[in-house]
Each structure stands twice: as C-alpha cells, then as structure tokens.
Protein chains: 2
Amino acid sequence: MFLPLRSQIVWELVEPGVWKGVVGIPEKYSLLGVAGVTPNKEGFSRLPDVELPSLAHEIVGTLQDGKTALRIPLDRKEQLYGFGLNFQTVHQRGKILNLHVDHYGRKDDGRTHAPVPFYVSSNGYGVLVNSARYLTVYAGSGARKDSPDAPVAKDRNTDKTWTAAPYSDAVSILVPASGVEIYLFAGPTPMDVVRRYNLLCGGGTLPPRWGLGFTLRTHKLYSDSDVRKEADEFAQKGFPLDFIGLEPGWQSKAYPCTFEWDKKRFPDPSGFVKDMADRGIRINLWTNPYVSPDSEIYDEMYPVSGSHTVWCGIVPDLAGEKARKLWADKLEREHVSIGVGGYKIDEVDGYDRYLWPDVATFPSGVTAEQMRQTYGLWVQRITDGIYRKHNRRTYGLVRASNAGASSFPYVIYNDYYNHRDFITALINSGFCGVLWTPEVRSSKTAEEWLRRIQSVVFSPMAMIDAWSSGLKPWSFPEVADNVKEYALLRMKMIPYWYTEFARYHFDGIPPFYAVNLEPGFAFREQKNEKRLTDADLEDNPYLEAVSKEIKDQYMAGGSLLVAPMFAGETNRTVVLPVGDWYDFYTGEYVGNGERITVSPGLDRIPVFVKDGAIIPMMEASLHAPKTGQKMNLEIRHYGKSDGTYYLYDDDGETFGYEKGEYSWREIKVTRDGNGKLKGSISKAVKGKPDNIASVTWKFMTEK
Amino acid sequence: MFLPLRSQIVWELVEPGVWKGVVGIPEKYSLLGVAGVTPNKEGFSRLPDVELPSLAHEIVGTLQDGKTALRIPLDRKEQLYGFGLNFQTVHQRGKILNLHVDHYGRKDDGRTHAPVPFYVSSNGYGVLVNSARYLTVYAGSGARKDSPDAPVAKDRNTDKTWTAAPYSDAVSILVPASGVEIYLFAGPTPMDVVRRYNLLCGGGTLPPRWGLGFTLRTHKLYSDSDVRKEADEFAQKGFPLDFIGLEPGWQSKAYPCTFEWDKKRFPDPSGFVKDMADRGIRINLWTNPYVSPDSEIYDEMYPVSGSHTVWCGIVPDLAGEKARKLWADKLEREHVSIGVGGYKIDEVDGYDRYLWPDVATFPSGVTAEQMRQTYGLWVQRITDGIYRKHNRRTYGLVRASNAGASSFPYVIYNDYYNHRDFITALINSGFCGVLWTPEVRSSKTAEEWLRRIQSVVFSPMAMIDAWSSGLKPWSFPEVADNVKEYALLRMKMIPYWYTEFARYHFDGIPPFYAVNLEPGFAFREQKNEKRLTDADLEDNPYLEAVSKEIKDQYMAGGSLLVAPMFAGETNRTVVLPVGDWYDFYTGEYVGNGERITVSPGLDRIPVFVKDGAIIPMMEASLHAPKTGQKMNLEIRHYGKSDGTYYLYDDDGETFGYEKGEYSWREIKVTRDGNGKLKGSISKAVKGKPDNIASVTWKFMTEK
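Rules used in this analysis
Residues numbered from 1 in each chain as written. Chains lettered and ligands numbered in written order. Predicted model: local features only at pLDDT ≥ 70, side-chain atom pairs only at ≥ 80, totals over all residues. Heavy atoms only, no water. Helix = DSSP H or I, 4+ residues; strand = E, 2+ residues; numbered from the N terminus. Contact = heavy atoms within 4.5 Å. Areas by Shrake-Rupley, 256 points an atom, 1.4 Å probe, with all protein chains shown as cover. Lys, Arg positive; Asp, Glu negative; His and termini not counted. Charge placed at Lys NZ, Arg CZ, Asp CG, Glu CD. Buried area = accessible area lost by both parts, 1.4 Å probe. Salt bridge = Lys/Arg side-chain N within 4 Å of Asp/Glu carboxyl O. Polar contact = N/O pair within 3.5 Å; in protein donor to acceptor, adjacent residues only side chain to side chain. Nonpolar A, V, L, I, M, F, W, Y, C, P; charged D, E, K, R; others polar. Least-squares fit on C-alpha atoms with pLDDT ≥ 70 in both. Core = buried A, V, L, I, M, F, W, Y, C linked by side-chain atoms within 4.5 Å. Buried < 20%, exposed > 50% of the residue type's maximum accessible area, 1.4 Å probe, protein only.

### Thoughts on the overall build of chain A
Step number 1: Helix and strand content of chain A: 13 helices and 36 strands.
Step number 2: The long-range share in chain A, meaning contacts at least 24 apart out of those at least 6 apart in sequence, stands at 74%.
Step number 3: For chain A, the exposed area adds up to about 23,700 Å²; of that, 49% sits on carbon and sulfur atoms.
Step number 4: If the 84 positive side-chain charges of chain A are averaged to one point and the 89 negative ones to another, these points end up 1 Å apart.

Here's what the structure looks like:
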C-alpha cells in the first residue's frame, strides 16, 4: 500500500543542449557511472544553440511503491526511435519493453544485448534514463483516465472504428528504485539529439585503422601453425586480412576460462603474436570473464566474486576495484603486453539460464540485476583501460552493452543469424551509441554467402566468423571473385570509413544509422521547420517513412545509402530521402525523394550516393595502411553539385589524436570557368599527419 | 548497495500437514488473502498423519535489495510440477519463470492465466509462495559457488561431458517485497500434497449439476429470438444443452461495458431468462469488468477506479470495498436476480497492451502489479459471493486466476487454440487448483472437429464456442453422429463427473490431473517406499515418466485415463501406470505399467479404466437432472478385482451440501460363491438426497 508522491523535476544544464533532471534519490550505481563517461565538450561547439525543450516542464516523476514512475508527453504524430539494439522494429511507439540485458530472443521486447534506456523523438528531442535496473517502458501505451487528450470510449459491438489500442499521450517508464536521474537532449533535429547523446558519452569510438580492414575468426581448436596456414592461404588468394580472432581453444581451459594460453596449441604465444604482426595481422582473443578453478587468479578472485557460478566458473565482481584489477592485470600480462590486439568478450549478455540468477549477491553490494545490466559495460571499460595504458588502440567484439558505451572500441555480435534482422539491428545501433556487425557465419547457398558478405562490407566490422561451418571466402567458386571484389572494396574505402568514424568521435555522428535521421525523413523539414500535415504526407511519398517503418536500408557514413539484397530476391524497393541520389558504381542519377525499385545482379549490393558527395578511396590493399604509410587517394565525386569534404587522418594506432595529433584536409569539388568539375585538396599542415602520396580525381556523374 | 540479511524461518503448523513460514515482514495484501480462503478442515482428516518435511530446516530466506530471496533445496533426481497453468511443459525442473498474470504467449515462461506460485515435488512435498507480486523463479537453475553439492568445472574445448546447464541444488525464488509468507505442504505422496493445497484453499469447487452438462456460446450479436432459435435447433437435433453463453452483444455497450442489457436485442431480459430456464437452459453472460462511461455506475465508480483506462473504460479498484459493492450490486440487480446462471469474465489477464500499465495507481493503495496478479481472483470471489447470497451455485468462465482459487466455480479459457497444448494445460490445471477447458471453437476438417469434441467431453466444461467460425455440432455431416454420441456420453457420465467434483470439494482431489500424480508414476512406489535407482528405471518402462515428460494423456477422475487423439494421427502411444488397465468401451484388458500403442478409429478417443473401477452412469438426457429428479443408474465395473465406490449426491443447485445436505452411497462389486461378480449399493439414508430410481449393473470385463 502506498501513496504516490509526485516529485518536482528541476532541470540542470550539464552540456549544451543536455539537461539533467532528478526524481527522488537516484541510486549511486548508474549506467553512465559504470561507463565512466567524460563528455567530449569540444564536439558540442559545432551544434546549434538550443533552449530547454518545452516538454521538459510536462515531464512528471512520481515515487510509488518504492519505485519511480516517469511520464513524458507524446503528441499524436510523434514517432519514437531507440530503446536499444532492437532487431525487428525501428518504430518504437506503442511498444511495451522490459529493458534487460540478454541474448536477443527473436522478439523486440526489451531483452537484447544493449537495452539502452535512451530514445529519440521525431520531434527532435531525446530522453535517457540513467538507471542500471530492469526498466519497464510503455512507449505510448496505456491511457490515463484524467488525460486532457484521453481517447473516447466506443462500443465494440457496433462501432467499426473501435480499436484495441486507443491513443496514448505519454511514454511511461517504471524504474524499480526510489529515484532516478534522467537526461533530456535537445535537437533541433533527431540527428542532433543522437550527436548530443554520443558527445555526452565521450564521443564515438575511433578504431585503429586496421580495425576497419577485414577480419576472420579461426577454428576453436586451431594451433598456432593452423592459424599461420590460414593466414598464408588468405595471402595466396589475395584476400585482405587485418586481424584474426582465435576462438576458445587458445585457452588452456574454457567455459569457464583460465585466460592462459594452451601450451600444446600455442607453445610460444609471444613469438606467434609477433610473427603474425610481421605479416600485418593482429590477433584478437575470444574469452568470457568467468574464472576457471584452474586459472592462476582463481584463489585471489574467489572472495571478490559473486555468490553464483557460470558454467562452474566464478563471476568476478567487476563493480569492485580488486576484481577489476585482478582481471585487468591478468589480461595485460598474458596478452596485451605481448601484442595481442583485442578481445571478443562473450557471454556477458545471457541467457538467464547461463548467467547468475537475480537472487545472486556480490561482495560490492551491487545487486544481481544491476550487475547484469552493466557487466558488458565493465568488460569494455576495463579492457579499454589496459590498451589506453599501452597507448595502443584496440577494436574488438562484445556481446552486451548499455548506455554510455559510445566511446568504447567494441562492436556487438550475437548467435542469432537472420540477415534482414541483422540489418535492422545495424539501423538501431545508430540510435543508441553502439556498433553492430552483421557477421557472416554460414550460408546454404552461394547467393546467400555473397549477399551477406556484401552487407558486412558496409558495416562497422567486416568479419567472417565461419569456423564452425568451415566456409572460406572462396568456398562458393561461382561467387568467389565477387566476394573478393567486395572485400577489396572494403579496403579501398578505408579513408572514407576512417573519416566517418572520426566524425563519430569528434561530432557524435554515428557511422551507421537509420535513414530516419536524414533530414528528408524527419517530421520537420530542416529548411522551413514547418510541421507536416496529413496532406503533406500524401503529397510526398518519401515521407511515408514517418508512418511506414523502413528497416532494410541504412546510411553508411553521411554520404552513402545502402539497400542490401537478401537471398532469394532479385529486386527491391528503396526509399530515397529528398535530394538527388546517384548510383555508387556508375554515378548515374537514380531519384529524389521517392520510392524506386532496383534489380541489381547478384554481383551488386545497391548503394546510393548523395548529390555533391565526395568519397575518398585508396588503392586496394591486403592490409590497412600502417602508421606513416602513404596512400594513393582516388577521390570520387558524385552528382552535379559542388562538394566539400573533410578528410581525417592520424597515426591510425595511438591515442595521439586525443592530444591534437590529427589532421582534417579540406577536399573541394567546384566548377571551373567552363562549368567543368574540378577538385582540390588543402595542403598538409606541418607537424600534422600527412599520409597522402598522390591524388587522382574521379567525377562519377560528369565524367 | 545492500547487505543480504538471512532470516530464520520458524514453521508454524496451520492445518494438518501444512506449515507456514515467514521471512521478513510479509505484505498484508496476498493471494490467499484476496481469495479469502477458508480451509476445508474436515477434509484433512482423511489424509495420513505427517511430520514437518525435513527439508523445512534447509529452506533459506534472505532479505536483499528490498526483496526477499527464497532457496529451497533439491536433490538430484527430484522432478517438479506446477508453477501455474503451463501449456507446453509438465516438468518444471530447470525452468526460469517470471510468474505474471497474462494471456498465454506461446511459451511457458511464467506468463499465463494462472501463474500460481505453487509447486509439487516428486519427492512428496509442495511449496506455495503467498505473494501477489511478480515472482522470478529459478526452478533448479543457477549454482552457488559455496554449494556443498556444487557441479564441477569442465573444459568445453576438450571435454565432451561439458554441459551448458550444470546441476543446480535449489529452487530460488525472488519476491520483490521485503518479506513473504511461504507454505510448506507434506505428502507423503505428490497427490496428497495437491489435496492439502486444495483443502487449504477451501476444497475444490462443486459446480451445480447443470454445469457439467453441455454448453454453447452464441453469436455476439444474437437477439433473444436468435438464441431461442438456436436452442430449438439443438432440441430438434437431439443434442444436449444445459447452458448458453451470450457474447458481448447482450450488453448495450461493450469493451468497455455497461453491464446493462441491450434494449433492441434483448427487450425483456427477465422474460427471456425465465423462458430459457423453462426449456432447461441457463444463461451465462460474457463481460469484462471495465466500466463504460455509458454505464449507470460510471460516475459512482470513477473515484474508486484506477488511474488508467482499459479500452477507455475505467478499472474498478476491486481491492476496495466500495468498488466491489458497486459492481456486485449492479450484476446482482441486472442479472443474478432475474435468474442468470453465471458469467464468462473476459480480459482480466492481459495482454500488457490492453490492461493498465505497471505505473498505474489505485485509490486503495494496492499497486498495479498486485492488482494484475489478483484481478482474476477478485472477479471470481465477488461473483461467487453474489450467488452464495442467492443460495444458487454458479459455474462460469474466467480468463485469469491465481493461488487460492480452488473453491471458485470458474473454469479458465483463452484465445490460444492448440489442441495438444490445451491438453497439457488440462494436465497442469490439476497441479494448481484451477480448472481449464479445451473449448472447441473452429476446425479445418471434420476430423479435427471430432477430435476436439471428444476431448472437451472429458474436461471440466464441455463447451462449444464456435459463434465466430459459425460451426454447429452437426456442421460436418460425416462425423455428426459421433459428435452427438460423445455429447450424450458426457450427459450419461454426469453421476461420475459430479462425484469426482465432490471428491475435489471434500477431499481436495482434482477432477482432472496428471498421470504423474498416480502412484505408478511417482518416484516412490507407495507400497514399499523404496527409492528407485537407475536400474529400476530400466526395468520398469512405465517409470520413464519420471525422466520423460508425458503431456498428452491425463486422468479424468480417479478411474479414467484419457489419451486424446489429435487431427492427422491414426495411432498413438499411451503410458499406463502400474496396475491392470481396461478399455473403457469394451472392458478388454489393455496392459499394466507399460507403454502401449493404440490405433482407434476416428470414432473413438482412447479411454482406459483402472482394475476394479466402478463408473456410475445414467441414461442419456438433453439436460442434467434437476433437483429431486430421479436417475436410472447404469453402474459399470471394469476388470477382475473387487471394487468399492462412493457415489455422491445432493440437490445439485444450492449450497445445502455445505450444511451436510448430501449423501455418499457405497457401491460394491464383489464375487459371489461361484466367483461371479455381483454389485450392491447401500440404501439411501432418510433425510439425505436420494435421486436414484433404478440400478442396472454392467460388468464390462467379465460379462
């Protein structure tokens, strides 16, 4: 029995366009606290000045039954995006979610690898609930009887307009704690909201350049010589390879783990890692954090581990300093210090039957629930810390994350394997400050193999993880050439990818994101800020994205729209935002603010380029350029408009860029006196990185 | 942050073989409290004397993070049953459930119509957690690092005996409240545990005799004359019909509801109900409890309703006296007082998107969560109360229930429609004090139609609810005769059904239950109490039920084993408990403690009878016998053993049986001097009900 207690929310400006409000007494243990975010203050300077969104004063927080209920108003035409890494839906309005870190269970119900309690409104604001609890979200579901805009009762017997889902004028969120911090983000555009969120979290991660090359995971029981052989084969076939991931068998015991090399399969780890580095290939190590009784650190870890085991391994209480240090020191000593490039950190998400139960306890006093919501954050923060200490960037894989993770050098993956849903996850990753890879594991047909390769090439991590199926890139001879062509295209595009990730870091713009964040898809058109009416929607078919969910096409960087093909399909529709769009391969005009149908051959994944876009590319290479290695640039221009692009560069390896050791070179394409397109690139600044050997220009549309 | 606080549990004997333990400070609002249970003390006298199970002292309650964690030990071979109305599983060990009242969502995850927090162990004890909160149950999942019987770590890389699900030695339950009451039930057998649970809850419900006849639900927009016509058609076809259910259109407005008759379709409700009663047909009314603004009680109900609406209707705060009285008075005035026989109370279960959200508040101070867990109990208790006031028994349908409901005259139904899963639900209903009907709604084929009819005849409510599909019992001419044969068999068996329900009331024995509750299926054999070993399991194939889940056959009363056929199948296997079993139709011997395969024709649902069983039947009739109406009994005996049966009778309508106005007639079959079977029935006791006109004997096996 309880009396609801309404709390007055005072909004405090914490960064430009970001306000914090407090309801009740928030718990000290929070998502942003665990992530340890340090806002990228400089990045906010390139965003428009904004005032506190007016809905701030309509947000209600109530303490009831030891919990906190939040209510954030909605208007009738608003759409909502985000609430973490969903796999089947982009539109979240109307959904009921229980945000809970878990392996994705084939239903967008809030249980996912990164159930980030952050959402973006098409009206140009965003909300983050900074709680490490299981949150229940009613994203516009449930109507109050005293709502000023309450829906009207109808008779289901006779009234055909009766609906099972009456209109709801609010998002309601139940936080099972007697207080919480919420963050309100202004826009003005939804993309600006996302940028402010990412900048608050430190700016997006900037991977080492090699992280954007090609990667492969090898058989779990491979020895060092097996791995060398596999690398040789890639080189012989002329297939690019920047890092190789070793699966569980590199460890002496796995599930639970020792974190120690298996002496039979890897008698000389240090020599092996160095040898591979000499071939231009980094080593990534699979692990999970559960400690085997056979690990050297078991006895010391035991008193700082949780009450319950996972596969009979103890669970380090990572909320405590001692467990963190024990684990970090072990990884540093065994792997990082000998040159290992990164980790694939498995099994920190779920399922419930694998992980500690909610009744488990931890010596730090952090609850099992909070630990579940933050374990993925901890393993990222801890390993990131080891690499920072060594001034080497890493880029790895993790299976759980949450709010505050934008700056962590990790890409989420899972065991699910639906190509369409993988693309929807890629779209949703851009709403919540995480990265996602639609990794390629297996395929029944050559067609599916190629289609999956084509899309993973346009993703944050171009990975083949086919050790279990035994497939190699060239396993299907009929598509082997095209697979290789796309792998090499990935490499050619490294200057573009690297720059787009730099924009993630410096400006908070996600490298992969929904077309809904493009101005032509938003409710408000940027130019005139006018509110669209139903009539507008009818007049502008491209705007149907507002009401119709688009979940199979996405932006890859700010210039490219990717519309993957799925096995069994020979054509598809693509909704183009406003503005002229051009074919990536031919430079031909394809449309403007309209729905088009394309029928590419098996050899092409449809990719479209914005008018005036400049895409910097380099020569095909089997490895990403090393520090100081010069590139021969091919700069492509698409469409008829002038264009400007800022090409980013740095040493590609260290954290020097955090101390200003980077360059932005201005690339311009304009028309000369004869109306002919002409390109120019600003000169290198002395003392700043300069990795350009030569430049050639390619005007794709006006050849 | 919290320090776990271990609570000492003191066990208090509350009824014979039932102990209550308290952890922390239990909430006042509980499941048994809402159900208002009054134990059937007399019923306990027929159960064996038992002591506090020794595991009582190993049960641990811990207060942590404002919640209560319970741990109940498990041994290695124990199986668990119950945890509410599951649809796809009978064995619950190893499951993780979040007990939450909801429409069944195609997965046994704890969200169901009756998520009763009660389980029965094959070791012969049971546990009930008397909390109206959403409980998280780890039914033998999760291992503690300090467990004395902890599983041992293995290397997944190389050890083939590695398992993803290591052994767990406990059931853990997380109660989100800082205290809880738990009840521990002794056996010695699992059936005895179930009996004690039902007796604690007042004993099982005893429906009016007409409730065990045939029932039909008519089209939602039927008028009174349409309903009369339908009843006429049933009479003309010689098809039994004891009560008719009116769907939403009887109300002036529905979804939300007025609870008032629609004046066009039902201009004279009282005359209509009386007229139907004269034909021997009761009227059951569909409703949901959400109040339409057009209902006369809306204004008075408004201040005692919840904060949120359901389909724009207000939600009566049934935890408060005033709302209960307002609603009960309305139903009494409009329906019960004019002779309506009962209700079908819809939409008190879920889905989340239909019902009030967890952020809703109620004037009583009961939380949205508690209201969700108990709303089904309240609507049953309130309507039961109206009928008790009128000294007329009712028998209706409800879509949500919970612990404590055994004595409520309601059968659960839902919108799901999988024949196999409906049978599994019927099995599970017997573990948790609820009733379930595998109602017949639609069928693609004559075969499916007949198969579904055949199994609903052996269930607590023989209902056809096909108004939406438009099917009639005789819609498939090729099976119409057999459909009618089974409908009439239902009627002939009323003396048996009625007696088995009396056993539910007086002795707590569920009328429909799992074969696992039969002695031949339990871990311990009743005779010698010896513990079975793996070798025993190999020697006794019938015992494979311990390890292999049997979910498609069930007991219908204590004498019949029903093994339904499903569309598309021409044969099936049946696992027979120990003891000789006979065919219900022919009396022939079929087996003993073994797995048999049967290939009945389309015209037969396999039913088997225990050796020595006595089945009382009456002549076929279109309506159940009225008060005082005499029956011509046909008493069947099966097998070769002597038999004894106690035949129950009372007025079939009122609560007189609660004041001793009932009779148990002893029926005996023994062999005479020539070894020939001979039957006898005890004389009627003066002043006690005596509804038997004549008796004929039928020795099915020894003819």
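### Some remarks on the interface of chain B and chain A
Step number 1: At the interface, 66 residues of chain B touch 66 residues of chain A.
Step number 2: In total, about 5,200 Å² of surface goes out of reach between chain B and chain A, with carbon and sulfur atoms giving 58% of it.
Step number 3: Linking chain B to chain A there are four salt bridges.
Step number 4: Of the charged contacts, one joins Arg133 of chain B and Asp65 of chain A as a salt bridge, the two residues approaching to 2.8 Å between their closest N and O atoms.
Step number 5: Inspection of the chain B/chain A interface yields 32 residue pairs in polar contact (both at pLDDT 80 or more).
Step number 6: Secondary structure elements with two or more residues in the side of chain B that touches chain A: β5 (67–73), β12 (143–144), β13 (170–175) and β18 (308–309) of chain B.
Step number 7: Counting residues per element, the side of chain B that touches chain A draws most heavily on β13 of chain B, which supplies three residues.
Step number 8: Classifying every residue of the side of chain B that touches chain A gives 31 nonpolar, 19 polar and 16 charged.

### Some words on the relation of the copies chain B and chain A
Step number 1: Superposing chain B onto chain A takes a rotation of 180 degrees combined with a translation of 0.0 Å along the rotation axis, leaving an RMSD of 0.0 Å. The symmetry that links the two subunits is that of a two-fold axis. Scanning chain B for the C-alpha nearest the rotation axis identifies Gly66 of chain B, at a separation of 4.4 Å.
Step number 2: Mapped onto chain A, 100% of the interface residues of chain B again fall at the interface, so both copies present the same surface.

### What to know about the nonpolar core
Residue and element names in this part refer to chain A.
Step number 1: Leu246, Trp356, Trp449, Phe458 and Leu560 are the most contacted members of the largest nonpolar core, which totals 199 residues.
Step number 2: In terms of residue count, the dominant contributor to this core is helix α8 (residues 368–389) (nine residues).
Step number 3: Dropping the residues within four chain positions of it, Leu560 is found in contact with Phe458, Met493, Tyr496, Tyr554, Met555, Phe584, Val607, Phe608, Val609 and Ile615.

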